[in-house]
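Listed below, chain by chain, are the residues.
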Amino acid sequence: MADLSVELCGIKLDNPVIPASGTFGFGAEFAELYDINVLGTFSFKGTTRQPRFGNPTPRIAECPAGMLNSVGLQNPGVEHVIAEELPRMKTYFCKPVMANVSGFSVEDYAYTCALLDAQDQIGWIELNVSCPNVHGGGMSFGTDPEAAAGVVRAVKAITKKPIIVKLSPNVTDIVAVALACEKAGADGISLINTLLGMRIDLKTRRPVLANNTGGLSGPAVFPVALRMVWQVAHAVDIPVVGMGGVSSADDMIEMMLAGATAVEVGAANLVDPYACRDIINELPETMRKYKIEKLSDIIKGANSWEKTL
Ligand code: SIN
């Protein structure tokens, strides 16, 4: 029988399929459609210290093979998440969940992470230093190796759970940021967040998004994500969670061959709410097709041409 299990920072996952933050809420709407306990885990809605209303609308723009979003970290705030969302989540999800945390200062990140670290349900904290849609926070930490490392150091000093740092692709040297985070104590790296992009409405001659720019996700970004996962996985000694345009079991396998221990699925959930369930169901047959018995055996298994020629 095909073995889909992987281990992420010391915690076993039944399979490596993880709905990405911002595309799965806190899971409740999806749990009405199927038993989400089939997932490896999921990364819940990016949470900040204070509740956030998010950016003005329009916040979404469609693109060929993808979409732009500029949500602006809309969320109910960490206290509400702990008081309301996590107890509710217990009724439909019984595995450790991944908490995704954003902030506007090092103190914000530390405050929010400390509160979430104390919650039994949470297995990992995904430290989002890569939101491209807010000013003075998010991506401004993740585009500077020292700033990213500063957040990681502050959070590691007051947490016990594995800290997975979610990186921005909007940099010239993603490996430098990943290495700085690893050196600061990160337990894992996840990548990529969205690529900064823009559309203009030809009739109004105004940007489609009220925030002018937004983050591109979907199949269009898959080759960029794969390249960055490959580069980072070959540079660090901590696990890498790959994401960016993954929408099939074939894509999952490609990401794992590039170096991903687990794989997040984002925009595909917005196209088809059953996307993650279907990928999990397709994986055994896809593994058979490529003669894979144990999925964890293929992590970083792609040979570069130098090695094969
Ligand atoms: C957003 O809320 O604007 C998207 C979150 C992210 O890209 O990190």
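Structure: above.
Let me begin by describing the structure that accompanies this report.

Quick notes on the rules
Residues numbered from 1 in each chain as written. Predicted model: local features only at pLDDT ≥ 70, side-chain atom pairs only at ≥ 80, totals over all residues. Heavy atoms only, no water. Near = heavy atom within 4 Å. Polar contact = N/O pair within 3.5 Å; in protein donor to acceptor, adjacent residues only side chain to side chain. Areas by Shrake-Rupley, 256 points an atom, 1.4 Å probe, with all protein chains shown as cover. Nonpolar A, V, L, I, M, F, W, Y, C, P; charged D, E, K, R; others polar. Pairing = 2+ DSSP bridges. Helix = DSSP H or I, 4+ residues; strand = E, 2+ residues; numbered from the N terminus. Axes fitted to C-alpha atoms, helices over the stretch in contact; angles between N-to-C directions. Contact = heavy atoms within 4.5 Å. Salt bridge = Lys/Arg side-chain N within 4 Å of Asp/Glu carboxyl O. Buried < 20%, exposed > 50% of the residue type's maximum accessible area, 1.4 Å probe, protein only. Right-handed = clockwise from strand over helix to strand, strands pointing away.

Observations concerning the site of the ligand
Every residue near the ligand is listed here: Asn69, Val71, Gly72, Leu73, Asn128, Cys131, Pro132, Asn133 and Asn193. Within the backbone of Val71, an N or O atom sits 3.3 Å from an oxygen atom of the ligand. Contact between the ligand and Leu73: an oxygen atom at 2.7 Å from a main-chain N or O atom of the residue. Relative to its free-state accessible area of 260 Å², the ligand is covered by the protein chains to the extent of 89%. The residue inventory of the shell around the ligand, partitioned by class, reads 4 nonpolar, 5 polar and no charged.

Some words on the sheet that holds strand S9 (residues 188–191)
As summarised here, the arrangement of the 7 strands in space is S3-S15-S14-S9-S8-S7-S6, forming an open sheet in which the pairing is parallel. Pairing within the sheet leaves two strands with one partner each, and these edge strands are strand S3 (17–19) and strand S6 (97–101). Along the sheet, successive strands turn relative to each other by an average axial angle of 25 degrees, direction set aside. With 3 bridges joining them, S3 and strand S15 (residues 262–265) adopt parallel strand pairing. Directly across from Pro19, in S15, lies its bridge partner Val265. Its contacts with the sheet place helix H8 (residues 249–258) against S3, strand S14 (240–243) and S15, and it is angled at close to 135 degrees to S15.

Observations concerning the sheet that holds strand S10 (residues 195–197)
What the 4 strands build is an open sheet, ordered S4-S5-S13-S10; its pairing is antiparallel. Looking along the sheet, the strands with just one partner apiece sit at the ends: strand S4 (60–63) and S10. Between one strand axis and the next, the sheet turns by 35 degrees as a mean value, whatever way the strands run. One ladder, built from 3 bridges, connects strand S5 (residues 66–69) with strand S13 (residues 214–217); its direction is antiparallel.

Regarding the pattern of salt bridges
Taken as a whole, this structure holds 9 salt bridges when the rule is applied. The salt bridge involving Lys95 is made with Asp14; its shortest N-O contact spans 2.7 Å. Taken together, the residues Lys95 in the loop between helix H2 (78–89) and S6 and Asp14 in the loop between strand S2 (11–13) and S3 connect sequence positions 81 residues apart. Overall, the relative accessible area of 16% leaves Lys95 in the buried class. For Asp14, a relative accessible area of 46% gives the class partly exposed. With a shortest N-O distance of 3.7 Å, Asp108 and Arg49 are connected by a salt bridge. Remark: Arg49 occurs in the loop between helix H1 (28–31) and S4 and Asp108 occurs in helix H3 (residues 106–117); sequence separation between them is 59 residues. By relative accessible area, which is 15% here, Asp108 ends up buried.

A closer look at the pairing of strand S7 (residues 122–128)
Counting buried residues along S7, 7 of its 7 residues qualify, which places the element largely inside the surrounding structure. The pairing of S6 with S7 spans 5 bridges and is classified as parallel. When the bridges of S7 are listed, Ala99 appears paired with Ile125. Handedness of the β-α-β unit built from S6, H3 and S7 comes out right-handed. Sheet topology note: the S7/strand S8 (residues 163–166) ladder contains 4 bridges and is parallel. By the bridge assignment, Ile125 is partnered in S8 with Ile163.

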